[in-house]
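One-letter residues, chain by chain:
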Amino acid sequence: RHMAGLQLRLAPDWKTYWRAPGEAGIPPSFDWSGSQNVKSIRLHWPSPQVFHLNGMQTIGYHEALVLPIEVTPRDPAKPVLLSARVDLGVCNEICMPANVQLQTMLTSPGQPDDRIRAALQDQPETAREAGLRQIACEVEPISDGLRLTARIDLPQRGKAETVVFETDDASVWVEEAASTRQGQMLTSVTELVAGSGAPFALDRSRVTVTVLGEGRAVEIAGCPAP
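Here the structure is a predicted model, which means the values were calculated and not measured.

What counts as what
- Residues numbered from 1 in each chain as written.
- Predicted model: local features only at pLDDT ≥ 70, side-chain atom pairs only at ≥ 80, totals over all residues.
- Heavy atoms only, no water.
- Phe/Tyr/Trp six-rings, centres within 6.5 Å; stacked < 30°, edge-to-face > 60°.
- Buried < 20%, exposed > 50% of the residue type's maximum accessible area, 1.4 Å probe, protein only.
- Lys NZ or Arg CZ within 6 Å of the ring centre and 35° of its normal.
- Pairing = 2+ DSSP bridges.
- Helix = DSSP H or I, 4+ residues; strand = E, 2+ residues; numbered from the N terminus.
- Disulfide = S-S within 2.5 Å.
- Salt bridge = Lys/Arg side-chain N within 4 Å of Asp/Glu carboxyl O.
- Core = buried A, V, L, I, M, F, W, Y, C linked by side-chain atoms within 4.5 Å.
- Contact = heavy atoms within 4.5 Å.
- 1 Å grid on protein atoms, 1.4 Å probe; cavity = no way out; pocket = protein on both sides within 12 Å on 5 of 7 lines; lining within 4 Å.
- Points joined across faces, edges and corners; volume = space filled by probe spheres on them.
- Nonpolar A, V, L, I, M, F, W, Y, C, P; charged D, E, K, R; others polar.

### Section: the packing of aromatic side chains
One pass over the full model with this rule turns up three aromatic pairs. Each ring, one from Phe30 and one from Trp32, has its centre 5.8 Å from the other, and the planes form 5°; the classification is stacked. When its relative accessible area of 22% is taken as the criterion, Phe30 is described as partly exposed. The rings of Phe30, Trp32, Trp45 and Tyr61 are connected pair by pair, giving a single aromatic cluster. Geometry around Phe51 places Lys15 over its ring, the cationic atom sitting 5.1 Å from the centre.

### With respect to the sheet that holds strand 17 (residues 208–212)
Spatial strand order, 10-18-17-13: four strands in an open sheet with mixed pairing. Of all the strands in the sheet, the pair left with one neighbour each is strand 10 (125–126) and strand 13 (162–166). Note that strand 10 and strand 18 (residues 218–221) share two bridges and pair parallel. Pairing of Thr126 across the sheet is with Glu219, part of strand 18.

### Focus on the state of the cysteines
Under the defined criterion, the tally for this structure stands at two disulfides. The disulfide partner of Cys91 is Cys95, and the gap between their sulfur atoms is 2.0 Å. Between Cys91 and Cys95 the disulfide shows an S-S torsion of about -50°. By sign, it is left-handed. Residue class for Cys91 comes out buried when judged on its relative accessible area of 3%. Across the disulfide from Cys137 sits Cys223; the S-S distance is 1.8 Å. Its S-S torsion of approximately -85° makes the covalent link between Cys137 and Cys223 left-handed. Of this pair, Cys137 sits in strand 11 (residues 134–142) while Cys223 sits in the segment after strand 18, and the two are 86 residues apart along the sequence. Like Cys223, Cys137 is buried. Taken in N- to C-terminal order, the disulfide-linked cysteines of the chain are connected 1-2, 3-4.

### Concerning the pattern of salt bridges
Within this structure, the stated rule accounts for 13 salt bridges. In this structure, Arg157 engages Glu125 in a salt bridge whose closest nitrogen and oxygen atoms are separated by 2.9 Å. Highlighted residues: Arg157 in the loop between strand 12 (145–153) and strand 13 and Glu125 in strand 10, separated in sequence by 32 residues. Glu125 carries the same exposure label as Arg157, and that label is buried. The structure contains a network of salt bridges with shared partners spanning Arg19, Glu166 and Glu219.

### Observations concerning the nonpolar core
Among the nonpolar cores identified, the biggest contains 23 residues, and Trp18, Val71, Leu82, Leu106 and Val164 are the most heavily contacted of them. Mapped onto this core, the elements with two or more residues apiece are strand 1 (2–9), strand 6 (56–62), strand 7 (64–72) and strand 8 (80–91). A per-element tally of this core places strand 8 first, with six residues. In this view, Trp18 contacts Pro27, Pro28, Trp45, Pro46, Pro48, Ile59, Gly60, Tyr61, Val164, Glu166 and Thr210; residues no more than four positions away in its chain are not counted.

### Digging into the layout of surface pockets
One water molecule sets the probe size; rolling that probe over the atoms shows where empty space is left. A volume near 1200 Å³ is recorded for the largest pocket. Lining the largest pocket are 39 residues, with Arg19, Ala20, Pro21, Glu166 and Thr167 sitting closest to its centre. Among the elements of the structure, strand 3 (29–31), strand 4 (40–43), strand 6, strand 10, strand 13 and strand 14 (173–174) are those that each provide at least two residues to the lining of the largest pocket. In terms of residues, the lining of the largest pocket owes the most to one element, strand 13, which gives four residues. Its residues assigned to classes, the lining of the largest pocket shows 19 nonpolar, nine polar and eleven charged. Reported here for the second largest pocket is a volume of approximately 610 Å³. For the second largest pocket, the lining is made up of 27 residues, of which Met3, Ala4, Gly5, Leu106 and Ile116 are closest to its centre. Mapped by element, the contributors of at least two residues to the lining of the second largest pocket are strand 1, strand 7, strand 8, strand 9 (95–106) and helix 1 (114–121). The element contributing the most residues to the lining of the second largest pocket is strand 1, with six residues.

If you want it as structure tokens, here you go:
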């Protein structure tokens, strides 16, 4: 495998978005179709920040981002041509789409890079690392989709905690979650709306719950029934 890194430098006070950018953000997309000798690609997102502007919440990175990219070649004995078209949003007082074309050759052995290492260390903690005791999720139908209520037994991550839900279906719209905490229990409620505008089957095991607070985020894989 190779570990590459996409480094973005933004002008002062500008930001770009996380994979789940919030209702007002622009999610980044990556087209790797021009690459050669690539079997799979995995992005390792560092813990993002939560921004509030004009009553809207967005999630992303301020002024700079190093995004580690793990590349598995089809033939490890041959070099990898990594080619990407990246579409992303950038925002200050206004938000706008941007795109970049990137290309590089990856050969073995690579050299260690402190920027990539630091970004990998800034990834969200796992549930075990963060001290998660339990998560239980109730799902109920609503007129145009599903309501998901998660009760998360997790040590507090600071005064302000933001919970983000993601499904494995990009066509499902996820409402900004409303969260409250009582002691060790963090309760968060969101609504999921599919393109069909009707209740749908939800694969709980493919739901990702991320808790953002002070310092590193916590990423929880799966949202099991009570």
